[in-house]
Amino acid sequence: MIKVNNVEVAAEHGVSVFPTLIFWRREVPILYEGKFDDREVFDWLIHHKNSYVKTLTDDNFERVTQAASGATTGDWFILFYEGSDKRCQKLMASWESVGARLDHKMNIAKVDTESNTELDERFAVETVPKIAFFRQGKMFIYNRKEFDTTSLVSFGGKWYKTVKPERVPRPIGRDLRFFREEMYLDPLSSEISTRNFLLSMAAASIGLICAATLMIVVFIGLGYLKLNAEQVPDYMKINKDK
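The structure displayed is predicted, hence computed values, not measured ones.

### Re the overall build of the chain
Here is step 1 of the chain: Per the secondary structure count, the chain includes 8 helices and 8 strands.
Here is step 2 of the chain: Counting all 242 residues of the chain, 33% fall into the buried class.
Here is step 3 of the chain: Long-range contacts, defined as pairs at least 24 residues apart, comprise 64% of the intrachain contacts of the chain with a sequence gap of at least 6.
Here is step 4 of the chain: Accessible area of the chain: about 16,600 Å², with a carbon and sulfur share of 57%.

Structure, rendered in structure tokens:
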């Protein structure tokens, strides 16, 4: 436990109210927002030993989130940031608190756009921090000026509905390969699959037509034989009693 009374150091971590407690776990900070009661603080430390925020990269973004390929992994609240940007550094502890408060409700994640240039290009990250909420193939961009924990949690909870949804950008680079494998969007494989399906349907239709035609011919033939048998003269019929 370290106590800091340097205002400049506090400002670097987004601290503007005193006293403030930040818990560092393997270089990942989380902001304490409860009462400064010894027992309450101790319990909080015990229950927040692990990070609530997932790290996404160019290699795993679409595979993990399925933002554009099904969204079967649930809703995602994602922070796009630059590791060297001071504004982003101030936000990291609060973002962890967002993850703690929304745990089991949605997935909270972060993307360092400095080291993940494909995602930076895909989501057109022009300024940081950029925060987006992903739900059922739609993307809702956080457009509020406040970056406190309460405002962020409110947006992820319901305020995203007040924002016009955008379509999730199509994957590029490494994410595109996974997207094609999952959604069968490769042009060649898609064309072959469609062609094989149409050929199978055509063959099945021809088989049904042939079977129906054969049955009609058989029934007509039987009816013709029965009709001819009734028209045979009596003297030509075979008497089985003799």
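### Some details on the pattern of salt bridges
Working definition: two side chains of opposite charge can pair if their charged atoms are close together.
Here is step 1 of the chain: Scanning the model with the defined rule gives 3 salt bridges in all.
Here is step 2 of the chain: Of the charged contacts, one joins R122 and E62 as a salt bridge, the two residues approaching to 3.0 Å between their closest N and O atoms. Taken together, the residues span a long stretch of sequence, with R122 in helix α5 (residues 117-122) and E62 in helix α3 (residues 61-65) at a distance of 60 residues. Just as R122 is buried, E62 falls in that class too.
Here is step 3 of the chain: For D85, the salt bridge identified is with R87, shortest N-O distance 3.4 Å.
Here is step 4 of the chain: When its relative accessible area of 15% is taken as the criterion, D85 is described as buried.

### Regarding the side chain of K130
Here is step 1 of the chain: Mapped onto the elements of the fold, K130 is located in strand β6 (residues 130-135).
Here is step 2 of the chain: Although buried, K130 forms no salt bridge, and the nearest oppositely charged side chain, E166, lies 6.3 Å from it.
Here is step 3 of the chain: Engagement of the side chain of K130 in a polar contact is seen with the backbone oxygen of F123, the distance being 2.7 Å.
Here is step 4 of the chain: Apart from the residues lying within four places of it in its own chain, the contact partners of K130 are I78, L79, F80, F123, A124, V125 and I141.

### Comments concerning empty space enclosed by the protein
Here is step 1 of the chain: Scanning the model with the defined rule gives 2 cavities of 30 Å³ or more in all.
Here is step 2 of the chain: In this structure, the second largest cavity spans a volume of roughly 30 Å³.
Here is step 3 of the chain: If you go around the second largest cavity, the residues you meet are D58, E118, L119, R122, I172 and D175.
Here is step 4 of the chain: A breakdown of the residues in the lining of the second largest cavity according to their chemical character gives 2 nonpolar, no polar and 4 charged.

### Things to note about the sheet that holds strand β3 (residues 54-55)
Here is step 1 of the chain: Pairing within the open sheet is mixed, and its 6 strands lie in the order β3-β5-β4-β6-β7-β8. The open sheet terminates on both sides in strands that have one partner only, identified here as β3 and β8 (166-167).
Here is step 2 of the chain: Relative to strand β7 (residues 138-141), β6 is paired through 4 bridges, and the arrangement is antiparallel. Each residue of the ladder has a partner; that of F134, found in β7, is M139.

### Quick word on the confidence of the model for the chain
Any segment with low pLDDT has predicted coordinates that should not be analysed in fine detail.
Here is step 1 of the chain: This prediction gives the chain a mean pLDDT of 78; 64% of its residues lie at or above 70.
Here is step 2 of the chain: Scored below 50 in pLDDT, residues 184-197 makes 6 contacts in the model with residues more than four places away or belonging to other chains.

### Examining the nonpolar core
Generally speaking, soluble globular proteins have nonpolar side chains that are buried together.
Here is step 1 of the chain: With 38 residues, the main nonpolar core has F61, F77, I78, W95, F123 and F134 as its most contacted residues.
Here is step 2 of the chain: In terms of residues, this core owes the most to one element, strand β4 (residues 76-81), which gives 6 residues.
Here is step 3 of the chain: Discounting chain neighbours no more than four positions away, the residues touching W95 are V53, F77, I78, L79, I108, A109, K110, I131 and L152.

### Let's talk about the packing of helix α4 (residues 86-101) against helix α6 (residues 149-157)
Here is step 1 of the chain: Between α4 and α6, the shortest axis-to-axis distance is 9 Å and the interhelical angle comes to 45°. The angle between the axes of α4 and α6 places the two elements in the oblique class. Of the two elements, α4 crosses α6, and the hand of that crossing is right-handed. Contacts between α4 and α6 pair L91, S94, W95, S97, V98 and R101 from the former with T149, T150, L152 and V153 from the latter.
Here is step 2 of the chain: Its residues assigned to classes, the contact of α4 with α6 comprises 5 nonpolar, 4 polar and 1 charged.

The rules we used
Residues numbered from 1 in each chain as written. Predicted model: local features only at pLDDT ≥ 70, side-chain atom pairs only at ≥ 80, totals over all residues. Heavy atoms only, no water. Helix = DSSP H or I, 4+ residues; strand = E, 2+ residues; numbered from the N terminus. Buried < 20%, exposed > 50% of the residue type's maximum accessible area, 1.4 Å probe, protein only. Contact = heavy atoms within 4.5 Å. Areas by Shrake-Rupley, 256 points an atom, 1.4 Å probe, with all protein chains shown as cover. Salt bridge = Lys/Arg side-chain N within 4 Å of Asp/Glu carboxyl O. Lys, Arg positive; Asp, Glu negative; His and termini not counted. Polar contact = N/O pair within 3.5 Å; in protein donor to acceptor, adjacent residues only side chain to side chain. 1 Å grid on protein atoms, 1.4 Å probe; cavity = no way out; pocket = protein on both sides within 12 Å on 5 of 7 lines; lining within 4 Å. Points joined across faces, edges and corners; volume = space filled by probe spheres on them. Nonpolar A, V, L, I, M, F, W, Y, C, P; charged D, E, K, R; others polar. Pairing = 2+ DSSP bridges. pLDDT = per-residue confidence, 0-100. Core = buried A, V, L, I, M, F, W, Y, C linked by side-chain atoms within 4.5 Å. Axes fitted to C-alpha atoms, helices over the stretch in contact; angles between N-to-C directions. Parallel < 35°, antiparallel > 145°, perpendicular 65-115°, else oblique. Left-handed = near helix turned anticlockwise from the far one by under 90°.

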